[in-house]
Every structure is written in structure tokens, then in C-alpha cells.
Amino acid sequence: YGVASCSSGFKEGNDILYSVPLYVNAGDNHMILYTSCVNDIKTELLDIAYGMTMNYEEMTPLAQYEVSTTEWVKRIINFNVPQSGVYYFAFKAHTVDGYNQFIDDITIAEGYHEVTPQLRIDKIILPYSNCDLSENSKIGAMITNIGTCATDEFTLRYTVDYEPSVTQTFADVLEPTKTGI
């Protein structure tokens, strides 16, 4: 598969791209693909489904994504096929503001594919205080999940001037491609 532009440039321009017929074995399978959008300002929507016919309404939903960055984002979908057979995969683009979105490098393969969160610290937010940071001083950070699944919790730790480190655990769910504080 190559890159697909899934918009007509109008807000009514929803498109569906269907795969060629593919034989898929019963059991655990996965899809890997990359998504991108024409700009970083507007969000477009992408639904992915599969089925034994090319009728989208009869297909089983696999995933829904908000596509909102010009950078290519890796997506991994694990799914279980009830019976071996020939299947079609559909990529339905819902345009919100009439902008293009793109998909590329689609792989559909047998077996479960490991997914992991991967956190990137974009900005450190220090507490409002003088230089006397203590265990009671709360830290913060702007963090983006650049991984392939959501977090359930994560821990930040900081050290100042060789003093004992201070640790804070956050029980926040951070979905892939999302940023939180």
C-alpha cells in the first residue's frame, strides 16, 4: 500500500479506501500503519474496519483515530479473527474541516504485536518557590506519548544539587499522540 489522500477538500468529503482481498488466518493478527495529516492545526478522523465483504456497514470496527499532525505516527492494532478466510480492510476518512489525511506502509500479519507507551518530556514545570525544594515540592512536566498504547501511570523523579531525589507518581491515562501535564 502507498500513501492515500482521503479528502475531497470539502467538509462533506468522507472517503473509504478498501484493501485488495487478503487471506487471514483465524486467531490473533495485527496491523501496523502510519498516519499523517496535511497540517498540525486541524484534526481529521480515521476509522479502520475489516470484513468478508466490501460493504463498510457489515464490517467489524478495528480502531478510530484522530489524525492531527504532519509527522508520521505509527499505529498498531491487535485483533482476533474468528475464522480463516478472505477479508477486506477499510480505511474510512471523516473530514472535519476538509483537510487531507494520509496513510502509508500498511502491514497486516499473523500474531500479536507488542504495544508500549513511550513518553517524551517536552517541558519541565518547576514549583513556585525559592531554591529550597523539598519532598513536599511538586514537580510537573508537559509529556507527550509517542508510543503505541496508552499509559495507566508513570513516575517522575528529580534531583537538585545532589540532594536525595524526589519522586511523584501520576495516575493519568495518556493516549498515543496526546500531550498532558
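Described below are features of the structure shown in this document. (Residues numbered from 1 in each chain as written. Predicted model: local features only at pLDDT ≥ 70, side-chain atom pairs only at ≥ 80, totals over all residues. Heavy atoms only, no water.)

Considerations on the pattern of salt bridges
The test is simple: Think of a salt bridge as a Lys or Arg side-chain nitrogen and an Asp or Glu carboxyl oxygen that are within 4 Å of each other. Counting from the N terminus, the helices are DSSP H or I runs at least four residues long and the strands are E runs at least two residues long. Working definition: with a 1.4 Å probe on protein chains only, accessible area under 20% of the residue-type maximum means buried, over 50% means exposed, and in between means partly exposed.
For the coordinates displayed, the defined rule picks out two salt bridges. For the salt bridge of Glu-66 with Lys-178, the shortest nitrogen-to-oxygen distance reads 2.7 Å. Separated by 112 residues along the polypeptide, Glu-66 in strand β5 (residues 60-67) and Lys-178 in the loop between β12 (166-170) and β13 (179-180) bring together distant segments of the chain. Note on Lys-178: relative accessible area 31%, which makes it partly exposed. Here Asp-122 and Arg-120 are joined by a salt bridge, their closest N and O atoms 2.7 Å apart. Assessed through its relative accessible area of 36%, Arg-120 is described here as partly exposed.

Comments concerning a nonpolar patch on the surface
Rules: To count toward a patch, a residue needs a relative accessible area over 30% and no salt bridge; like charges are then connected within 9 Å, while nonpolar side chains (Val, Leu, Ile, Met, Phe, Trp, Tyr) are connected within 5 Å. Exposure was quantified through the Shrake-Rupley algorithm and a 1.4 Å probe, taking into account, for residues, occlusion by the shown protein chains and nothing else.
A surface patch of nonpolar side chains, about 340 Å² in accessible area, is lined by Ile-121, Ile-124 and Leu-126. Mapped onto the fold, Leu-126 is located in the loop between β9 (119-125) and β10 (140-145).

With respect to the pairing of β12
Heads up, the condition is: By this definition, two strands are paired if DSSP reports at least two bridges between them.
Every second residue of β12 is oriented toward a common face, the buried set being Val-166, Gln-168 and Phe-170 and the non-buried set Thr-167 and Thr-169. Sheet topology note: the strand β11 (residues 154-158)/β12 ladder contains five bridges and is antiparallel. Bridge pairing links Phe-154 to Phe-170 in β12.

A word on the sheet that holds strand β8 (residues 101-110)
Defined as follows: Geometry is summarised by axes, namely lines fitted to C-alpha atoms with helices restricted to the contacting stretch, and by angles between N-to-C directions that run from 0 to 180 degrees.
With antiparallel pairing, three strands are arranged side by side in an open sheet as β6-β3-β8. Either end of the sheet is taken by a strand with one partner, and the two such strands are β6 (73-81) and β8. Across the sheet, the axes of successive neighbouring strands diverge by a mean angle of 20°, strand direction being ignored.

Here we look at the packing of aromatic side chains
Our working rule: Pairing of aromatic side chains here covers Phe, Tyr and the six-membered ring of Trp, requires ring centres within 6.5 Å, and sorts the geometry by plane angle: under 30 degrees stacked, over 60 edge-to-face, intermediate tilted.
Tallied over the full model, the rule gives five aromatic pairs. Ring plane angle 45° and centroid distance 5.4 Å describe the contact between Tyr-50 and Phe-79, whose orientation is recorded as tilted. Of this pair, Tyr-50 sits in strand β4 (residues 44-51) while Phe-79 sits in strand β6, and the two are 29 residues apart along the sequence. Both residues of the pair, Tyr-50 and Phe-79, belong to the buried class. Seen in terms of ring centroids, Tyr-50 and Phe-89 are 5.9 Å apart; in terms of plane orientation they differ by 20°. Their pairing is stacked. Pair noted here: Tyr-50 is in strand β4 and Phe-89 is in strand β7 (residues 85-94), with a separation of 39 residues, a long-range link. Clustering of aromatic rings is evident, with ring pairs tying together Tyr-50, Phe-79, Tyr-87 and Phe-89.

Overview of the side chain of Ser-36
Short version of the rule: Note on contacts: a residue pair qualifies if any of its non-hydrogen atoms lie within 4.5 Å across the two residues.
As for its placement among the helices and strands, Ser-36 is situated in strand β3 (residues 27-37). Among the residues examined, Ser-36 registers a relative accessible area of 4% and is labelled buried. Contacts of Ser-36, omitting those with residues within four sequence positions, involve Val-67, Thr-69, Thr-70, Glu-71, Trp-72, Gln-101 and Phe-102.

Considering the nonpolar core
Quick note on the threshold: By nonpolar core is meant a set of buried Ala, Val, Leu, Ile, Met, Phe, Trp, Tyr and Cys residues that side-chain atoms within 4.5 Å join together.
Judged by nonpolar contacts, the single largest core of 19 residues is most densely connected at Met-31, Ile-48, Ile-77, Phe-89 and Phe-91. The element best represented in this core is β5, accounting for four residues. Ignoring anything within four residues of it in the chain, the contact list for Ile-48 reads Met-31, Leu-33, Pro-61, Leu-62, Ala-63, Tyr-65, Ile-77, Ala-90 and Phe-91. Formed by six residues, the second largest nonpolar core is a distinct cluster that contains Ala-141, Phe-154, Leu-156 and Leu-174.

Overview of the environment of Leu-174
Within the element layout of this structure, Leu-174 appears in the loop between β12 and β13. C-alpha of Leu-174 to C-alpha of Ala-150: the two residues are 24 residues apart in sequence and 5.3 Å apart in space. Those residues in contact with Leu-174 that sit more than four places away from it in its chain are Leu-119, Ile-143, Thr-144, Asn-145, Cys-149, Ala-150, Thr-151, Thr-179 and Gly-180.

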